[in-house]
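Architecture and fold: a report
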Amino acid sequence: MSVEEHVGLLNAVILNLLIVAVVVLIHHEVLLRLSTATAKMRQSHRFRLILAVFGVLLAHTAQVWIFACAYYFMHHGDGWGALAGNFNGSLLDCVYFSFSTFTTLGYGDIEAFGNLRFLTGIEGLTGLVLITWSASFLFVEMQRYWPTR
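About the cut-offs
Residues numbered from 1 in each chain as written. Predicted model: local features only at pLDDT ≥ 70, side-chain atom pairs only at ≥ 80, totals over all residues. Heavy atoms only, no water. Helix = DSSP H or I, 4+ residues; strand = E, 2+ residues; numbered from the N terminus. Buried < 20%, exposed > 50% of the residue type's maximum accessible area, 1.4 Å probe, protein only. Contact = heavy atoms within 4.5 Å. Areas by Shrake-Rupley, 256 points an atom, 1.4 Å probe, with all protein chains shown as cover. Lys, Arg positive; Asp, Glu negative; His and termini not counted. Charge placed at Lys NZ, Arg CZ, Asp CG, Glu CD. Core = buried A, V, L, I, M, F, W, Y, C linked by side-chain atoms within 4.5 Å. Pairing = 2+ DSSP bridges. Axes fitted to C-alpha atoms, helices over the stretch in contact; angles between N-to-C directions. Parallel < 35°, antiparallel > 145°, perpendicular 65-115°, else oblique. Left-handed = near helix turned anticlockwise from the far one by under 90°. Nonpolar A, V, L, I, M, F, W, Y, C, P; charged D, E, K, R; others polar. Phe/Tyr/Trp six-rings, centres within 6.5 Å; stacked < 30°, edge-to-face > 60°.

1. Describing the overall build of the protein chain
Within the protein chain, the regular secondary structure consists of four helices and two strands. If you list the helices and strands of the protein chain from N to C, you get α-α-β-α-β-α. C-alpha atoms of the protein chain, sized along the principal axes, occupy 65 × 30 × 20 Å. When burial is assessed residue by residue, the protein chain has 36% of its 149 residues classed as buried. Within the protein chain, residue pairs in contact and separated by at least 24 positions form 71% of the contacts whose partners lie at least 6 positions apart. Taken as a whole, the protein chain presents about 9,000 Å² of accessible surface, with 68% of it coming from carbon and sulfur. Within the protein chain, the 9 negative side-chain charges are centred at a point lying 30 Å from the centre of the 8 positive side-chain charges.

2. Considerations on the nonpolar core
Membership of the largest hydrophobic core comes to 22 residues, with the highest contact counts inside it found for Phe67, Tyr71, Leu83 and Leu119. Among the secondary structure elements, those contributing two or more residues to this core are helix 1 (3-40), helix 2 (45-76), helix 3 (91-102), strand 2 (110-113) and helix 4 (116-145). The dominant element in this core, judged by the number of residues it contributes, is helix 2, at six residues. Not counting residues up to four positions away in its chain, the partners in contact with Leu83 are Tyr71, His75, Cys94, Phe97, Ile110, Glu111, Ala112 and Leu116. Counting six residues, the second largest nonpolar core, distinct from the first, contains Leu34, Ala52, Val56 and Leu138.

3. Quick notes on the pairing of strand 2
Taking every second residue as pointing to the same face, the buried face of strand 2 carries Ile110 and Ala112, while none of Glu111 and Phe113 on the other face is buried. Across four bridges, strand 1 (residues 82-85) lies against strand 2 in antiparallel orientation. Bridging from a neighbouring strand, Gly85 pairs with Ile110 of strand 2.

4. Brief notes about the packing of helix 2 against helix 3
Between helix 2 and helix 3, the shortest axis-to-axis distance is 8 Å and the interhelical angle comes to 125 degrees. When the axis of helix 2 is compared with that of helix 3, the two are oblique. The handedness of the crossing between helix 2 and helix 3 comes out as right-handed. On helix 3, the residues touching His60, Thr61, Gln63, Val64, Trp65, Phe67, Ala68, Cys69, Tyr71 and Tyr72 of helix 2 are Leu91, Leu92, Cys94, Val95, Phe97, Ser98, Phe99, Thr101 and Phe102. For the contact of helix 2 with helix 3, the residue count by class is 14 nonpolar, five polar and no charged.

5. Section: the packing of aromatic side chains
The final tally for this structure, using the stated rule, is four aromatic pairs. Measuring from centroid to centroid gives 6.5 Å for Phe67 and Phe102, while their planes differ by 55 degrees, and the two rings are tilted. In this pair, Phe67 is assigned in helix 2 and Phe102 in helix 3, connecting sequence segments 35 residues apart. Each of the two residues, Phe67 as well as Phe102, counts as buried. The interplanar angle of 10 degrees and the centroid separation of 6.2 Å between the aromatic rings of Tyr96 and Tyr107 together place this pair among those described as stacked. Within this pair, whereas Tyr96 is found in helix 3, its partner Tyr107 is found in the loop between helix 3 and strand 2, the two being separated by eleven residues in sequence. The partly exposed category is assigned to Tyr96, whose relative accessible area is 33%.

Right under this line is the structure:
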């Protein structure tokens, strides 16, 4: 491996770590604020849970867009790699690819090449962990606010 390849790989690792740190911190803050907000609300149990679900969905959507922006930047930048297949280079195609990667659906119609591949792997793992974290959060919120029978 050449020095240039080592530098490219190091840059990809640093970018991946920064993106993961940002989305994890966003997720933590959203869940913390949702928990605080629902505890202070006087509305019905249903409203609190629906608010929590929509809050979690918005957080995940924002996280997907952060990854999508990174794909867009990397695809159009030199030395990062590329996305190919049923892909026209648009930001919306990057968002579509990011959604399928974050949720680990991976349709396979778009493929990553070069150092950009590492971001796809870490996005899948990050998405799995954050979706699980959200499910746990919503379960606890349901336990707290679900009417007993």
